[in-house]
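Residue strings, one per chain:
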Amino acid sequence: MWWALLGVAAGYLVPVALRALLRRGVGAAVLLCAWGAMVSLIVTALALPVLAELLRRCWLSAGPVDSSRVDTAAAAVSAVIVVVAAVRGGWRFGHLSRMRHRLHGKHFEMNWLLTGQRPRPGTVVWLPATEPLAYSLAGQPPLVVATTGLYRVFDDATVSAVLAHEHAHTARRHHLFVSLADTVASGLGWLPVMRQSPSLVRTLVELDADAHAARAHGHHRLLQALRTMQHTPAPPAALGIAGECTQLRMARLSAQSCGGAGRLGGAAARLGAGLVLGVPALLSLSAVIAVVSCTAA
Ligand SMILES: [Zn+2]
């Protein structure tokens, strides 16, 4: 039970700590890894009372079980939290996946109509429109979408910087992070760390994509693009060049800060996403095994 209480306490402290580190200029990729690690640890802590009770009742005790009332009550509360989180979070994840799939399908068809070819990984879908727009979509293959209007307001090098920002979103699995953040917010939104995850993670993925693009194309080009396009819209299920915390992003680009944007940063961020996906899956598997062995005993 104490682990669960520690998890709840961490749920209040972690967002404060992550935002403080963000303000101090810590790399976005490192913070994405830290977010993933903390979210998976907190989910584990919340599930521990019910898992421990199942373990005690099913595997460790052949005779009558001597659980205290407090442990039993904690296990019941933990079970309710886990089941509600799984149902609400699972529904949200499925809803977002369907929305992304529909949007990706429309752009896939549009590319067929415009070029007569299937888009391949790394393809940019160029839309003939005068308004400068750029955004990326998750799917198979992930797509970067841009309008020809970009060339109306930027030179070739700046357009390349804008496209690099969007390619960074797809290559560094930023859409998955955003989906996971929305999922934990739906499932465990009563905890501040989960409730604030969508806004925090959207800010971090934009900073990470900026840093990645700036390393290859220079800070000033991306800064110029961001200033010009900061009010341009993108579809709800896409990640555009303009997004969360534009002022913070422009401040970082002006300060030429791009810590953690390289391969190591990318690996750290992927580790974070892996933890958020892997730990709940492992916990679910343990719970299923425990329940099945309990029923069979
Ligand atoms: Zn972006």
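Residues numbered from 1 in each chain as written. Predicted model: local features only at pLDDT ≥ 70, side-chain atom pairs only at ≥ 80, totals over all residues.

**Re helix 10 (residues 246-254)**
If you check which residues of helix 10 are buried, you get Arg249, Arg252 and Leu253. Seen along its axis, helix 10 keeps its buried residues to an arc of 100°; they face one direction. Those residues of helix 10 that are exposed and angled more than 90 degrees off the buried face are Gln247 and Ser254. Where helix 10 is buried, its residues meet helix 8 (197-217) and helix 9 (219-229). Downstream of helix 10 by one or two residues, glutamine 256 has phi in the positive range, about 55°. (Buried ≥ 20, exposed ≤ 12 C-beta atoms within 10 Å, placed from the backbone. Helix = DSSP H or I, 4+ residues; strand = E, 2+ residues; numbered from the N terminus. Arc of directions from axis to C-beta. Contact = placed C-beta atoms within 7 Å.)

**As for the UniProt feature "transmembrane region" (unreviewed entry) in the protein**
According to UniProt, the feature "transmembrane region" (unreviewed entry) maps to residues 6-22, 29-52, 72-91 and 271-292 in the numbering used here. Regarding residues 29-52, the helix share stands at 100% and the strand share at 0%, and the terminal C-alpha atoms are separated by 34 Å. The annotated region residues 72-91 carries 100% helix and 0% strand content, and the separation between its end C-alpha atoms amounts to 29 Å. (UniProt positions renumbered as here; feature names shortened; annotations may be inferred.)

**Description of the environment of glutamate 206**
Topologically, glutamate 206 is positioned in helix 8. Among the residues examined, glutamate 206 registers 26 C-beta atoms within 10 Å and is labelled buried. With 41 residues separating them along the chain, glutamate 206 and histidine 165 place their C-alpha atoms 8.4 Å apart.

**Section: the sheet that holds strand 1 (residues 124-127)**
The mixed open sheet is built from four strands, whose spatial order is 1-3-2-4. Each of the sheet's edge strands pairs with one partner strand only, and the pair in question is strand 1 and strand 4 (239-240). Relative to strand 3 (residues 143-147), strand 1 is paired through four bridges, and the arrangement is parallel. If you follow tryptophan 126 over to strand 3, its bridge partner there is alanine 146. Packed on one face of the sheet, helix 3 (residues 69-115) meets strand 1, strand 2 (134-137) and strand 3 and runs near 115° to strand 2. (Pairing = 2+ DSSP bridges. Axes fitted to C-alpha atoms, helices over the stretch in contact; angles between N-to-C directions.)

**Considering the pairing of strand 3**
A regular strand places its side chains so that they alternate between the two faces of the sheet. For strand 3, a buried count of four out of five residues is recorded, marking the element as mostly surrounded by other parts of the structure. As defined by bridge partners, strand 2 adjoins strand 3 across four bridges and the pair is classed as antiparallel. Among the inter-strand pairings, serine 136 is bridged to a residue of strand 3, identified as valine 144. Connecting strand 2 to the antiparallel partner strand 3 that follows it, the hairpin turn spans five residues, and glycine 139 within it adopts a positive phi of roughly 150°.

**Comments concerning unusual backbone geometry**
Geometrically, the link from glutamine 140 to proline 141 is a cis peptide bond, its omega value of -10° lying close to zero. Turning to its location among the elements, proline 141 is positioned in the loop between strand 2 and strand 3. A positive phi angle, near 55°, is found at arginine 173, a position not held by glycine. The residue arginine 173 is located in the loop between helix 5 (156-171) and helix 6 (174-187) in this model. Since 21 C-beta atoms lie within 10 Å of it, arginine 173 is described here as buried.

**Here we look at helix 8**
With 21 residues, helix 8 ought to run about 30 Å at 1.5 Å a step, and its terminal C-alpha atoms sit 30 Å apart, in line with that. Of the residues trailing helix 8, glycine 218 is marked for its positive phi of about 95°. (Expected span 1.5 Å × (residues − 1).)

**With respect to the packing of helix 8 against helix 10**
It is at 10 Å that the axes of helix 8 and helix 10 come closest, and there the two elements cross at 30°. As summarised for this structure, helix 8 and helix 10 are arranged roughly parallel, according to the angle between their axes. Once helix 8 is placed against helix 10, the crossing between them reads as right-handed. Across from Thr203, Glu206, Leu207, Asp210 and Ala214 in helix 8, the residues of helix 10 making contact are Leu248, Arg249, Arg252 and Leu253. Taken together, the residues of the contact of helix 8 with helix 10 sort by class into four nonpolar, one polar and four charged. (Parallel < 35°, antiparallel > 145°, perpendicular 65-115°, else oblique. Left-handed = near helix turned anticlockwise from the far one by under 90°. Nonpolar A, V, L, I, M, F, W, Y, C, P; charged D, E, K, R; others polar.)

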